[in-house]
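Tertiary structure, described
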Amino acid sequence: MKLTQTPSGFTISHKNRTVFEHSQVSPALYLGIGQGTFDMYRGNFDISDYVSERLPLKKFAITENSDDVVVTFSLDGEAVLEARMYETAESRLKVEFTALDEKYNRFWARVSATESESVYGCGEQLSYLNLRGKNFPLWSSEPGVGRNKNTYTTWQADVKDKAGGDYYTTNYPQPTFVSDKKYFCHLETRAYADFDFTHAEYHELQCWNIPEYLLFDAEESFPELMTNITGVFGRQPALPEWVYNGVILGIQGGTEITIEKVEAAKAAGVEVSGAWCQDWQGIKMTSFGKRLQWDWQWNADLYPDLDTKIHDLKEQGVRFLGYINPYVLEDFPLYNEAFEKGYLATQEDGSKYVVDFGEFDCGVVDFTNPEACEWYKGVIKQNMIDFGLDGWMGDFGEYLPTDCSLHNGVSAEIEHNKWPYRWAKVQHEAIEEAGKTDDILFFMRAGGTGIQGYCHALWAGDQSVIWEKDDGLASVIPAALSAGLMGNGISHSDIGGYTTLHGNVRSKELFQRWAEMAAFTPIMRSHEGNRPGDNHQFDTDAETLAHLARMTKIYKHLKPYIKAAVEENATKGMPVQRPLFMHYEQDSEAYQIQYQYLFGRDLMVAPVYNQGETVKELYLPEDEWVHVWTGETFTGGWIKVDAPIGQPPVFFRKQAQDAELLAAIKQF
């Protein structure tokens, strides 16, 4: 860290990167007073802020000590904010903020930037990889249907359901960004935040409280930066061995249907590693479609004999996965038990509080109450792990309302963005305490700061069954890349998408193209969607089954390669799906490519995401790239290749250590 004082201000730099340039004419810090309004409707938020004051901190006093620098900022002659700056034991710059006047609840910091700079991250972003030129509100929510205000799908979702979403809406926000200058910057706050990357000379970071600190560090390479970032936030454990053996088939409808579908898929040549039955605890029908009965225990009526069949499947090499979320269905056994023990969030006066999840109400398990956490871990261990489940979807971490009261006394507005972290921690600890970390897979869509060390895998959420970039197949690519840059290097998506609304139905072509992409991700998993009868499924016809069989064989063939990449994520924080600039940092074009990715170090994947497209234009950084299907070698630049269904554009590096394994993909 270096402090340079000027006649009217000061500059703070770290590892030759300017962090703050502060002066009376151009302050880097502002305080204010605001009143936020949060209107939640089924996980979608309408948020507004009335700011009565925004004040530049022009007056300051600097105290230089042997191991830190303290800057005290004043307004009207009164000290209002203290910033303590120092270098941590890990050589990171840390700026700790202390509020000296409690009336201020809005904060702005301007981090120095260059006009040509590119920035990435802010959690999982689905519309943009390079965030430069836009601002990004950071609030965990439903991403919305369509996610583009100019599309018919989003318009219909807004008009009918208040659920259209926008380019920035995401299950997983995080107040952290990565720069093409090879630094990361993190603001430690759980409050609503907004990172504005529209200014030429600075990035303005806003949050609706006084943050605990700002953390900044830089490295000489992006791989080193990933190790640094995950050293801060944590690293995902490696995947269980069985995951690599094939696709996890999303199936619903009961024991007999599940077994029949698994056997038929295997007979057709599909490599099956698991059956994911999200309705294992029963179903509820709503106007949205088939929903789940949120009482987390085996439903023997829908799944008779599952207590024995689950072990039979395992002997055949097929694991059984279920579903859970942090809410309990009103008037059902788990709700009644939690309510009786005081484990649920309440109204401000301590009375009953429930949330409308779409034609049914649920209680919020209060994870700020240690006893409630232990109770819910017990539910997971007894009802799921001991029963024989080998994994589950851990859903709905983003729904904490802002008007409930919690055990720890902290405002739910502040706890909201922390809820995914708390939910991931409960699941991880239940698995860890059962001694099953190496054998059980759970995956979440919601996320936040610190989730990295607890959430074993992400999935990209509820994409629509469409080709639109903001909410279809294409959107899961920047989602995986941005989340990976935050330290969540294991991500995947519902093959074929999930949301069937407003005239959108999943086509055969979309399912096949999605399956092709999924073969080159850490986890392959399908989903029937919210209206299974309207959607093309993996077993709708023999051709689809044969196509899926090929893709699962490719995925299983790549097991040693994928497993090595996952181990690198677990030990060094290197994401399995990587932006091109991760290994080609001198290539300026690589920083703007958001719909291609490196799969590990040596595979380049350019998924087909446009309907009817059979010739694909894509970009290759300078290297020797071998087209998997033809064997033709390319040395870089923009190229076009044939991409019929069944031959997604995939290339491997000629100098790859695993070149022989990768070249053999074409045999399938």
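Residues numbered from 1 in each chain as written. Predicted model: local features only at pLDDT ≥ 70, side-chain atom pairs only at ≥ 80, totals over all residues. Heavy atoms only, no water.

For the chain, an unreviewed UniProt entry supplies the name Alpha-glucosidase and the organism Vibrio scophthalmi. Quoted straight from UniProt, the Sequence similarities (unreviewed entry) entry for the chain says "Belongs to the glycosyl hydrolase 31 family." (UniProt positions renumbered as here; feature names shortened; annotations may be inferred.)

Turning our attention to the pairing of strand E4 (residues 29-41). Note that E4 and strand E10 (residues 106-112) share four bridges and pair antiparallel. Bridge assignment links Tyr 30 to a residue of E10, and that residue is Trp 108. With 12 bridges connecting them, E4 and strand E5 (residues 44-56) associate as antiparallel partners. Paired with Gln 35 across the bridge in E5 is Tyr 50. The antiparallel pairing of E4 with E5 creates a hairpin that spans two residues between the two strands, and Arg 42 there sits at a positive phi of about 50°. (Pairing = 2+ DSSP bridges. Helix = DSSP H or I, 4+ residues; strand = E, 2+ residues; numbered from the N terminus.)

Let us look at the sheet that holds strand E24 (residues 355-356). Strand order in the open sheet made by the three strands is E23-E25-E24, with antiparallel pairing throughout. The sheet is open, and its two borders are formed by strand E23 (327-329) and E24, each paired with just one other strand. As defined by bridge partners, E24 adjoins strand E25 (residues 361-364) across two bridges and the pair is classed as antiparallel. Paired with Val 355 across the two strands is Cys 362, which belongs to E25.

Next up on the list: the packing of helix H6 (residues 370-385) against helix H8 (residues 419-433). Taken N-terminus to C-terminus, the directions of H6 and H8 make an angle of 55°; their axes are 9 Å apart at the nearest point. Between H6 and H8, the angle is such that the two are oblique. Crossing geometry of H6 relative to H8 is assigned as right-handed. Contacts between H6 and H8 involve Cys 373, Tyr 376, Lys 377, Ile 380, Lys 381 and Ile 385 from the first element and Trp 423, Val 426, Gln 427, Glu 429, Ala 430, Ile 431 and Glu 433 from the second. (Axes fitted to C-alpha atoms, helices over the stretch in contact; angles between N-to-C directions. Parallel < 35°, antiparallel > 145°, perpendicular 65-115°, else oblique. Left-handed = near helix turned anticlockwise from the far one by under 90°. Contact = heavy atoms within 4.5 Å.)

Each aromatic ring pair is characterised by the separation of its centres together with the angle its planes make. All chains considered together, the criterion is met by 51 aromatic pairs. Judged by centre distance (5.3 Å) and plane angle (80°), the rings of Phe 10 and Phe 60 are edge-to-face. One end of the pair, Phe 10, is in strand E2 (residues 9-14); the other, Phe 60, is in strand E6 (residues 59-64), and 50 residues separate them in sequence. Here the aromatic residues Tyr 128, Phe 136, Tyr 167, Tyr 168, Phe 177, Tyr 183, Phe 195, Phe 197 and Phe 216 are joined through ring pairs into a cluster of three or more. Arg 54 extends its terminal NZ or CZ atom over the ring of Trp 108, reaching a point 4.6 Å from the ring centre. (Phe/Tyr/Trp six-rings, centres within 6.5 Å; stacked < 30°, edge-to-face > 60°. Lys NZ or Arg CZ within 6 Å of the ring centre and 35° of its normal.)

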